[in-house]
Amino acid sequence: MKALRSGSKELIKEINRFKVLNIIRDQQPVSRAEIAKQCALGVSTLSYIIEDLKSQTLIYEVGEANSTGGRKAKLLRFNKNHGYIISVKIEEEQILIALTNMEGELLTKKYASFSQKVTPKEVTSMIQRKVHQIFEDENKDMQLLLGIGILSSGLVNRHNGTIIRSSMLGWENVPITKMVKEKFPDVEIFVDNNINGYTLAELEKGEGKHHNNFLVVSIGAGLGLSVVIDRKIYYGSVGGAGEFGHTTLVMDGYPCHCGQTGCLEMYASEFYFKNKEQEIKASNSTLTDLHFSEVAKAAKNGDQIALDLLKEMGMHLGYGLRNLINTFNPDKVIIVGEGVKHSHLFQQEVFDIANDNFFEKVNINTELVFSRLKDDAWFTGGALLAINQIFQEPIYEPVKSEV
Ligand SMILES: [Zn+2]
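Summarised in this report is the structure supplied together with it. In this text the structure is predicted, and so the values were computed from the model without any measurement.

Time to look at the coordination of the zinc ion. Here the zinc ion is held by the protein donor atoms His-246 (ND1), Cys-256 (SG), Cys-258 (SG) and Cys-263 (SG), which lie 2.0 to 2.3 Å from it. The coordination sphere of the zinc ion comprises four donor atoms, whose angles at the metal cover 104 to 120 degrees; the geometry is tetrahedral. Coordination of the zinc ion draws on donor residues from a single chain, spaced H-x9-C-x1-C-x4-C in sequence. Taking relative accessible area as the criterion, Cys-258 reaches 22% and is therefore assigned partly exposed.

What follows is the structure, given as C-alpha cells:
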C-alpha cells in the first residue's frame, strides 16, 4: 500500500499549488474566479500560487473572458512548452521514441530496429543514444527534458518500475526505470504496460473522454485489456490486472506461451492462425505467412480459408468480450490495436456474439466501438504516463525502487 505523507503546512501548500495547476491544465483557458470557486482558496493565497506558477513559466495569461461590463478578466493557460517529454514504446523488433510537449503532442519521432532478441542493457543504451540524437537534431535543450514514459509488453509493476515478465521480449524482472535513470539522473522515469499507456490516450483524447467506466481491448499479435473504473486504470495487486488474453476459452485447448492451455489469446489473436497452421497447409489456401496483416490480405483477395479464419477468430473474440461485459458492466468497450485496420473482416461476428449479453436481455446496451485514434496514440499514451505522474498532487511518499 502506498504511504500517505504526513500533514504539514508545506504539504498543504504543495497540494494547493498542484490543484490550481491541474484545474488550469484540464479546463484551460480558465479565469481566476472559476479556479477560486473550485479550489475554495482565499484571494491572496490563490494570487500567490498563480504568481508563483507564472514565475516558473508553468502558466501564462491570455485574452479576456466574456464579460458583462467593467474590467475584463484575463484567462489562464498551461504552458505546454514548459518542458519536454520522451515517450518510448518497446516492441519485439524495434523501439519507437518520440519527443512531445507537456500536453503529449508529438513533436518528432524516431525508430530503432533490432533483428534479434535484445537485452535490457542494449535497449537502455539505444534509448540513451536516440534521445540525445533527437535533442541534437531538434536543437532543443536537454535541461528541459522533464520525464520519460516507457511502454512495454508483458507484466509490468509500475510502482517499482519493473518489467516482471515479457515473453515477447524474453525478459524477466528487468528494473527498467532504474536502468534508464542511470543514463538520465535528473529526469523522472515511468513505465507501464503498453495497453495501459494507450488507454491514457483514449481517456484524454479518444473514445473514453466522456466515460467513467470503460474497457480497452487490443487485438493483433496478442490480446490485451485495460480496465478503467471511475476514470482511473485498475491495476490489481502488482499491475497485472487485464491479463484477459490468458482467461480460459477452451478446456484443455491449445497450449499457450504463458504455460496454461486453452487461453483466449490462442483463439482470438494472431496466435489462432499459427495454431491452425497444419490445417491451413493441408488445405488449398494460398496462405504461407500467418501474420495478421497477411491473413487479412489473403481474405481481401478472396481466399476462403483466410476469410473463415478471421470469422472464427472474431467469434472467439465475441465470446471473450461477452464475458468481459458481463463481469464489468462497462459504459463502453473500445477495441484498439492492429486488428482494427482489418475489422470489417470479422466485426459482424464480434458484435453479434458480444451484444448478445446478460445486460442486453434487460435492454441495457453496452457500446462497442473501434478506436478512432491513430498509431501515434502510443506516443501520446507514453507521454501522458509521465505527464500525469509529474503533475499528480504530491500526497504520497515517493516509492523507492525495490530492486
Ligand atoms: Zn495464456
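Moving on from the coordinates now.
Take helix H12 (residues 377-390) next. Taking 1.5 Å of rise per residue, 14 residues should cover 20 Å, and H12 covers 20 Å from first to last C-alpha, within 8% of that figure. Where burial is concerned, most of H12 is hidden: twelve out of the 14 residues are buried. Buried within H12 we find Ala-377, Trp-378, Phe-379, Thr-380, Gly-381, Gly-382, Ala-383, Leu-384, Leu-385, Ala-386, Ile-387 and Ile-390.

Further remarks concern the sheet that holds strand E13 (residues 223-229). On the basis of which strands lie adjacent, the open sheet formed by five strands has the order E14-E13-E12-E15-E16 and mixed pairing. The open sheet terminates on both sides in strands that have one partner only, identified here as strand E14 (232-233) and strand E16 (367-370). Bridging between E13 and E14 involves two bridges; their strand directions are antiparallel. Bridge pairing in E14 places Val-228 opposite Ile-233. Across the face of the sheet, helix H6 (residues 194-205) comes into contact with strand E12 (214-219), E13, E14 and strand E15 (332-336) while running at roughly 50 degrees to E13. Running over the sheet, helix H10 (residues 304-328) touches E12, E13, E15 and E16 and is turned about 160 degrees from E12.

Time to look at the sheet that holds strand E7 (residues 145-152). As summarised here, the arrangement of the five strands in space is E6-E5-E4-E7-E11, forming an open sheet in which the pairing is mixed. Strands at the two margins of the open sheet, each flanked by one partner only, are strand E6 (106-113) and strand E11 (188-193). Geometrically, the sheet is characterised by an average inter-axis angle of 15 degrees between neighbouring strands, direction not taken into account. As paired strands, strand E5 (residues 94-100) and E6 are joined by seven bridges and run antiparallel to one another. Opposite Leu-99, over in E6, you have Thr-108 as the bridge partner. The sheet contacts of helix H5 (residues 176-183) involve E7 and E11, and relative to E11 the element is tilted by about 150 degrees.

This next bit is on the pattern of salt bridges. Enumeration over the complete set of coordinates arrives at 20 salt bridges. We note a salt bridge from Asp-376 to Lys-109, for which the minimum N-O separation is 3.1 Å. Of this pair, Asp-376 sits in the loop between E16 and H12 while Lys-109 sits in strand E6, and the two are 267 residues apart along the sequence. Judged by relative accessible area, which is 30%, Asp-376 ranks as partly exposed. Taking the shortest distance from any N to any O, the salt bridge between Lys-332 and Glu-207 comes out at 2.6 Å. In this pair, Lys-332 sits in strand E15 while Glu-207 sits in the loop between H6 and E12, placing the two residues 125 residues apart along the sequence. In terms of burial, Lys-332 and Glu-207 fall into one category: buried. Here the salt bridges do not stand alone but share partners, grouping Arg-32, Glu-51, Lys-54 and Glu-61 into one network.

What follows covers the pairing of strand E9 (residues 162-166). Pairing between strand E8 (residues 155-157) and E9: three bridges, direction antiparallel. Following the sheet pairing, Val-156 is matched in E9 by Ile-163. For E9 and strand E10 (residues 171-174), the ladder comprises three bridges, and the chain directions are antiparallel. Opposite Arg-165, over in E10, you have Glu-172 as the bridge partner. Between E9 and E10, which follow one another and run antiparallel, lie four residues, and Gly-170 among them has a positive phi close to 70 degrees.

Once that is clear, we can look at the packing of H6 against H12. For the pair H6 and H12, interaxial distance at closest approach is 7 Å and the crossing angle is 90 degrees. Taken together, H6 and H12 sit at an angle that is classed as roughly perpendicular. Residues Asn-194, Ile-195, Gly-197, Tyr-198, Leu-200, Ala-201, Glu-204 and Lys-205 of H6 touch H12, and the partners they reach there are Ala-377, Trp-378, Thr-380, Gly-381, Leu-384, Leu-385 and Asn-388. Among the residues forming the contact of H6 with H12, the class breakdown is eight nonpolar, five polar and two charged.

Thresholds, definitions, all that
Residues numbered from 1 in each chain as written. Predicted model: local features only at pLDDT ≥ 70, side-chain atom pairs only at ≥ 80, totals over all residues. Heavy atoms only, no water. Donors = N, O, S within 2.8 Å, 3.2 Å for Na, K, Ca; no water. Tetrahedral: all angles 85-135°; square planar, octahedral: opposite > 155°, others 65-115°. Buried < 20%, exposed > 50% of the residue type's maximum accessible area, 1.4 Å probe, protein only. Helix = DSSP H or I, 4+ residues; strand = E, 2+ residues; numbered from the N terminus. Expected span 1.5 Å × (residues − 1). Pairing = 2+ DSSP bridges. Contact = heavy atoms within 4.5 Å. Axes fitted to C-alpha atoms, helices over the stretch in contact; angles between N-to-C directions. Salt bridge = Lys/Arg side-chain N within 4 Å of Asp/Glu carboxyl O. Parallel < 35°, antiparallel > 145°, perpendicular 65-115°, else oblique. Nonpolar A, V, L, I, M, F, W, Y, C, P; charged D, E, K, R; others polar.

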